[in-house]
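# Structural characterization, general
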Amino acid sequence: MAQDTARQALPTPPSAPARALLPLILPALVVGVGSSLLFVLVSSLAERLQHVLWNTLPDALGVGRYSVLWMLVMLTATGIVVGLVVWKVPGHAGPDPATMGLEAVALPPAVLPGLVLATALMLAGGPSLGPENPLIAVNVGLALWLGRLAMPRLPGSLWPALADAATLGALFGTPVAAALVISEALAGKPLRGALWDNLFGPLTAAAAGAMTTDLLARPTLDLGLPALDRTRWPDLLAALVIAPAAALLGMCAVRAFPYVHGVFRRLGHPMVALPVGGLVLGLLGALGGPLTLFKGLDQVAALAKDPEGWSAGQFAVMTVVKLAALTVAASCGFRGGRIFPSVFIGSAFGLCAHALVPAVQPSVGVAAGVLGMLLAITRQGWVSLFTAAVLVASPTVIVLLCVASLPAWLLVTGRPRMQLRTDGTALR
């Protein structure tokens, strides 16, 4: 009787008719393809510039490519150049990046070129940030501006949702990540119609973005680590220890984030804060080595190819240095996101556990470490679980991660994440 009453109190939302969803297909496809093309273009330009800055130029000057001197010069120079963009380019390359997350606000069109330029320079120069946050902001701004011009009858709120999902699909190479993020964002909000009606347009855009990226760039997050054929008790124990431990380590950086940001904020001018931040990043790179530079995905692949190639102490140093570099880069004003560097940090942490305890399989260590680190940094459960799972192509690891996410989530829930309000206070 009580169950029948509950069902009557919570009726199933009616599904939208097909004719209401069909008009979303064309704009979703256009936004998806356009968002992916921008991502591929910015990534390609940044990679070519990175090759010039870190290979061609030091070779021509007779300087070691990743010598301490060149890391200090390049990171500081990157801070100077990005500082010039933030200072002089119209729109100042958008708002304070420490306040930006995956749910971007629409920026005026005049701001977007500077944000794209600052992001490309950052990716090429070596700071420990990824492209996700600024590219989402740029695609959202472009989609809203062009969408209102081309199809003014469609609701304005549609374009940011399509662009957000399309960019996530392009970045991860699959629409699943976008669907999980949007589902998490819709939780607790009043919905008009069924959940899949609300996901139809964004999921179409994400699929178009993912397919375009896959056709042009063929990205993959699979690290090629040995797959798990079955669940063992030692694997379960390792996941239950590593994921919460990684979350605790990540929370240390989250706790320090407002204070580090406050130090750079007191420097006042971007031509002071960004070069100083670049110099600090150069010093950290000299301490942690070249693998602790850049957004981290290529560097994670290098670690995964040879899990036995570094000692536990070396993995520990890379973990701490990369976490410090992420905190500094996100605090001093470089335009970028925090997910991809967190993948490197979690992977190095998991491989450190493997080096300390050889019974911990590298696949388990990496997946659990990434899960815990992303939970602490982003406080987004689905993104953390999905990202950790796709690094190891094994259905078995999903079971371990689902179990390991429970104690890790208890540690991070209700606590701040690595994102600030405009007044510099932590965002929960």
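Notes on the structure follow. (Residues numbered from 1 in each chain as written. Predicted model: local features only at pLDDT ≥ 70, side-chain atom pairs only at ≥ 80, totals over all residues. Heavy atoms only, no water.)

This brings us to the side chain of T213. With respect to the secondary-structure elements, T213 resides in helix α9 (residues 195–216). A distance of 2.6 Å separates a polar atom in the side chain of T213 from a polar atom in the side chain of S36. In this structure the side chain of T213 is engaged in a polar contact, spanning 3.0 Å, whose partner is the backbone oxygen of G209. (Helix = DSSP H or I, 4+ residues; strand = E, 2+ residues; numbered from the N terminus. Polar contact = N/O pair within 3.5 Å; in protein donor to acceptor, adjacent residues only side chain to side chain.)

Positionally, N139 belongs in helix α6 (residues 132–150). When its relative accessible area of 4% is taken as the criterion, N139 is described as buried. For N139 and S35, which are 104 residues apart along the polypeptide, the C-alpha to C-alpha distance reads 5.9 Å. (Buried < 20%, exposed > 50% of the residue type's maximum accessible area, 1.4 Å probe, protein only.)

Here we come to the environment of V328. Its place among the elements puts V328 in helix α13 (residues 312–332). Considered as a pair, V328 and G313 are 15 residues apart in the sequence and their alpha carbons are 22 Å apart. Beyond its immediate sequence surroundings of up to four residues, V328 is in contact with V260, F264, G277, V280, L281 and L284. (Contact = heavy atoms within 4.5 Å.)

Its place among the elements puts T78 in helix α4 (residues 68–88). Among all residues touching T78, those that are not within four sequence positions of it are L121, M122, G125, P127 and F334.

Below, the discussion takes up a nonpolar patch on the surface. Together, V33, L37, M211, L215 and L216 line one region of the surface with nonpolar side chains, adding up to about 480 Å² of accessible area. Every element with two or more residues in the nonpolar patch is listed here: α3 (25–61) and α9. Top element by residues in the nonpolar patch is α9. It accounts for three residues. Residue position: L215 is located in helix α9. (Patch = residues over 30% accessible without salt bridge, like charges linked within 9 Å, V, L, I, M, F, W, Y side chains within 5 Å. Areas by Shrake-Rupley, 256 points an atom, 1.4 Å probe, with all protein chains shown as cover. Salt bridge = Lys/Arg side-chain N within 4 Å of Asp/Glu carboxyl O.)

Right, let's get into the pattern of salt bridges. This structure, assessed with the given rule, holds two salt bridges. R65 is the salt-bridge partner of D59, the closest N and O atoms lying 2.6 Å from each other. We classify D59 as partly exposed; its relative accessible area is 43%. The partner of R232 in a salt bridge is D235, with the nearest N and O atoms 3.1 Å apart.

Glancing now at helix α10 (residues 233–266). The terminal C-alpha atoms of α10 lie 51 Å apart, and with 34 residues this matches the ideal 50 Å at 1.5 Å per residue to within 8%. F257 marks where α10 bends most, by close to 40 degrees; the proline P258 follows one to four residues later. Where α10 ends, the next residue or the one after it, G268, has phi of about 85 degrees, a positive value. (Expected span 1.5 Å × (residues − 1). Bend = angle between axes of the 7 residues up to and from the residue.)

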